[in-house]
Structure formats: structure tokens, C-alpha cells
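Coordinates in review
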Amino acid sequence: MSLESAALRRIAPSATIAISAKARALKAAGRDVIALSAGEPDFDTPDNIKDAAIAAIKAGKTKYTDPDGMPELKAAICAKFKRENGLEYKPSQVHVAPGGKPVIYNAFVATLNPGDEVIIPAPYWVSYPDMTLLAGGTPVSVETTAESGFKITPAALEAAITPKSKWLIINSPSNPSGGAYTRAELQAIADVLLKHPHVWVLTDDMYEHLVFDDFEFTTIAQVEPKLYDRTLTMNGVSKGYSMTGWRIGYAAGPEALIKAMGKMISQTTSNPCSISQWAALEALNGPQDFIKPNAKLFQERRDLVVSMLNQATGLHCPTPEGAFYVYPSCAGLIGKTAPSGKVIESDEDFAVELLETEGVAVVHGAAFGLSPFFRISYATSNDVLEDACSRIQRFCANVK
């Protein structure tokens, strides 16, 4: 008899976490490694947010809160959605969890039955399909193209919808591609969804504040109010506020869904860390003046990385609209021989050989459901990025 459950055997460990762990192990062994695999801003959490957490500790705010978030934070989240997205929610429509992952997982466990399908545009964040499988659903991957900006088209969405479709996931800006949907593109998707009232929408807006070149961020319930009653709008403080380790994600949606998610969290994690909630409250209500300068720095890094990768033999790197990732194609190197003598047969081979030869850790595209590509996170300094991209250029030049 296996110790592992059937549910656990349906999933794989997170590829991004696995690559980062391998890079750390090589560093610990004395290798000169540059890890471009982790999706984490390199900026420190702003001081006012840290001070709010310290003040909460000193004030003894260390007790349990409501399982799905304290009232003060829920009120701040409602104010954020109204201020930034033009969306009206009540606190009873808000769910707070220890990170974005639990928000999504709680929604899926609360709503999915065996056979229910979740439509997931590829490339996708590595956890979407596995969370679907853990919750008993069936992930339906819909491949996109670089030409479409790695965004699902209305025709592809229409073709993917079946009577069993329960959710569509929209991640904009995207991890891993950085692609972001324009208002017009979201409206075109909404027009399809309006014809299929049984399909719910989970929109992952975690990278909302990291958009470039005057791109206007919008979210689908804002674009098409008729979808408000079947949309879960998810966000968090991890990326825009440099609070990845604080573990606060949140979402707003119909009361019945939020109540079901609250039932789920009451029997699993219970409340997010009370101190992190007070910090998140300050993040949402406090000064926002650092957000645009941070986004500008990320845009400069994007431009550097896109330029250098497009000078590498066999690579092609589209220019994304947001987040802090690029998703270059390595199709020009497939079938060729790496400096080690190994034939590069896949994007995973490319990533492994790059790490072994030049000490640059990237994540292969197969982990995100679309090959032959790879993901680079440029959430690090220009000097490190220049060094890493120079190594990638050298590796590609030595592939024959």
C-alpha cells in the first residue's frame, strides 16, 4: 500500500521551486551560479509597512483573527478595489488567505467536482493545473502563441468551452510570459463568456502594478460588469509591495462563493498571520508613491534583457507588457549540440545545459505548458542581468 494518496500522485512538485533549490545547492557547493528562476522582487518591503508590523507586535495584536481575514483588512481591500479598479465589494465578499496560492486552491476545492474542467491558457503559472488536479477537477490547457502575445484568443476560448467547463483562469500580466490583456482583448473574451453562463472566471491580477510603456491595466469584471456575479478577482501584496514572504493574498467575488471559501479555510490554514494582515493593511492604505518608480526600474531591466537575449544565437525574445519575466523561444537551438556534447532535444535540455555550463538558472518552458521556451525572472540588478545574459549569449554561440 502506497503512503501517498491518489490525489498527491496526480501532481508534480513546483518546477520553479525545484530549479531555485538546485541553484542554491550548486551555490552552496561553491559554483558561481546566477539564479533567474525565482518570481520574487529584489526590493525590500517599504519601511512604513515593516513599521506597521512592528507596531502590531508591540501592541499585542498576535491573536487569532477571523479565518478569512480581519475586518480592518477586508475594508481596506474593498477600498482598494473601488479606488483602483472601479469595483464595488462589501467585506462579506472578500476572502483573505496566507498567499495567492491558497486563495485559488480554496476556490477550487470549494467549487470543483470530479469531471469539472478548468480552462488554463498556456503558458501558465505552474501551480494552476496541479491545484486543479488536487481539487478533483480536470485542467484543460489551451496553447497560445508568441504572435498573440501569449494570450488566449476568443476563438480558442470558444473551442475550449464544453458543458463541463467550470472556470477560466486569466492571469494578466502573466507569469511566465509577462503578457497583459488590453481592455479590448478582455472585452472580446467577455463576449464569449456571456454566451456561456455556466463558466466562472478567476482573474489572477497579482502583477497589476507592474505594467510598462503606459499600458493601462484593467480586470475583466471592470471591463464587463455583466460578469461581476461569476468572477473571482484575485490579488495580493506579494509582488507590487515586495511582500512575498509575508504571505497575504486576497480575492473578492459573489457572497456565496466567498462563504464557501471561508468554510474551506476554516478547516485548513485558518487565518493568515495576524501581523502580516496588519502589514498588508498599511500596504493598501499607506503611501503608494514607490510603486511607479519600482515599475520603471523593472521596465529598464526588461529592456536590457530583451535586447541582450535577442542578440543571442538561436533565441527570440518577445517584449512583454508587464510583470518581471520574459519568455524567450529557444527553438533555434533544438537539435543542436551543447558544449558538453549533449544534443539539445527540448527546452528542459537547454535549461539543464545552460545551468551546468554557464551557471545560469532558468525555468524550462515545458513546466509552464508551452515549448520550446524558457522563463527568466529579471527581478535582480542590472549588473547581475548583464552578466547572466552575457553567459547566455556565450552558451548559445558555443552550441553547434
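Residues numbered from 1 in each chain as written. Predicted model: local features only at pLDDT ≥ 70, side-chain atom pairs only at ≥ 80, totals over all residues. Heavy atoms only, no water.

Moving on, we get to the environment of E345. Relative to the assigned elements, E345 resides in the loop between β9 (325–326) and α13 (347–358). On the basis of relative accessibility, which here comes to 62%, the residue E345 falls in the exposed class. (Helix = DSSP H or I, 4+ residues; strand = E, 2+ residues; numbered from the N terminus. Buried < 20%, exposed > 50% of the residue type's maximum accessible area, 1.4 Å probe, protein only.)

This part takes up the domain arrangement of the protein. In terms of domain boundaries, the protein breaks down into domain 1 (8–44 + 290–398) and domain 2 (63–285). The centre of domain 1, based on its C-alpha atoms, is set 26 Å off from the matching centre of domain 2. With 34 residues of domain 1 at the interface, the matching set in domain 2 holds 35 residues. Between domain 1 and domain 2, the buried area comes to about 2900 Å², and carbon and sulfur atoms account for 62% of it. Looking at the side of domain 1 facing domain 2, the largest losses of area belong to E321, F368 and L370, adding up to 21% of the total buried there. Here K151 makes a salt bridge to E321, at a shortest N to O gap of 3.7 Å. For the pair domain 1 and domain 2, the interface holds 14 residue pairs in polar contact (both at pLDDT 80 or more). Elements with a contribution of two residues or more to the side of domain 1 that touches domain 2: α2 (15–28), α12 (291–309) and β9. No other element matches α12, which puts 5 residues into the side of domain 1 that touches domain 2. (Domains from an automatic or database assignment. Contact = heavy atoms within 4.5 Å. Buried area = accessible area lost by both parts, 1.4 Å probe. Salt bridge = Lys/Arg side-chain N within 4 Å of Asp/Glu carboxyl O. Polar contact = N/O pair within 3.5 Å; in protein donor to acceptor, adjacent residues only side chain to side chain.)

Moving on: the pairing of strand β8 (residues 249–252). Look at any regular strand and the pattern is simple: side chains alternate between the two faces of the sheet. On β8, burial covers both faces: G249 and A251 on one face and Y250 and A252 on the other are all buried. Note: strand β2 (residues 94–97) against β8, 4 bridges, orientation antiparallel. Bridge pairing in β8 places H95 opposite A251. Pairing of strand β7 (residues 231–236) with β8, which is carried by 4 bridges, proceeds in the antiparallel orientation. The residue bridging G236 from the neighbouring strand is G249, located in β8. (Pairing = 2+ DSSP bridges.)

Within the UniProt annotation, "domain: Aminotransferase class I/classII large" (unreviewed entry) is assigned to residues 32–392. Measuring from the first to the last C-alpha atom of residues 32–392 gives 14 Å, for a span that is 37% helix and 14% strand. (UniProt positions renumbered as here; feature names shortened; annotations may be inferred.)

It is worth spelling out the sheet that holds strand β4 (residues 138–143) at this point. Strand order in the open sheet made by the 7 strands is β2-β8-β7-β6-β5-β3-β4, with mixed pairing throughout. Every other strand in the sheet has two partners, leaving β2 and β4 as the edge strands with one partner each. For this sheet, the mean angle separating the axes of adjacent strands, direction not counted, is 20 degrees. Two strands pair when backbone bridges link them, and strand β6 (residues 200–204) and β7 are joined in this way by 4 bridges, in the parallel orientation. Residue V201 lies in a different strand from β7, and its bridge partner there is T231. Where helix α4 (residues 71–85) meets the sheet, its contacts fall on β2, β7 and β8, and the angle it forms with β2 comes to roughly 120 degrees. (Axes fitted to C-alpha atoms, helices over the stretch in contact; angles between N-to-C directions.)

Moving on to the nonpolar core. By size, the foremost hydrophobic cluster in this structure holds 80 residues, and its most contacted members are F108, L232, L309, L315 and F350. Element by element, the count of residues in this core is highest for α12, at 7 residues. Two domains each donate at least three residues to this core, and these are domain 1 (8–44 + 290–398) and domain 2 (63–285). When residues no more than four places from it in sequence are discounted, the contact partners of L309 are L315, C317, V326, P328, I376, C389 and I392. The next biggest cluster of nonpolar side chains, apart from the first, holds 29 residues, and it includes I49, M70, A76 and V237. (Core = buried A, V, L, I, M, F, W, Y, C linked by side-chain atoms within 4.5 Å.)

The subject of this paragraph is the environment of S148. If you trace the backbone, S148 turns up in the loop between β4 and α7 (154–160). Measuring from C-alpha to C-alpha, the distance between S148 and G179 comes to 9.2 Å, with 31 residues separating the pair along the chain. Within the structure, S148 has its side chain in polar contact with the backbone oxygen of T145 (distance 2.9 Å). Of note is the side chain of S148, whose polar atom sits 3.1 Å from the backbone oxygen of K151.

A word on the sheet that holds β9. Taking strand neighbours across the sheet as the criterion, the 3 strands line up as β9-β12-β11 in an open arrangement whose pairing is antiparallel. The open sheet terminates on both sides in strands that have one partner only, identified here as β9 and β11 (363–364). Here 2 bridges tie β9 to strand β12 (residues 374–377), and the two strands are oriented antiparallel to one another. Paired with V326 across the two strands is I376, which belongs to β12.

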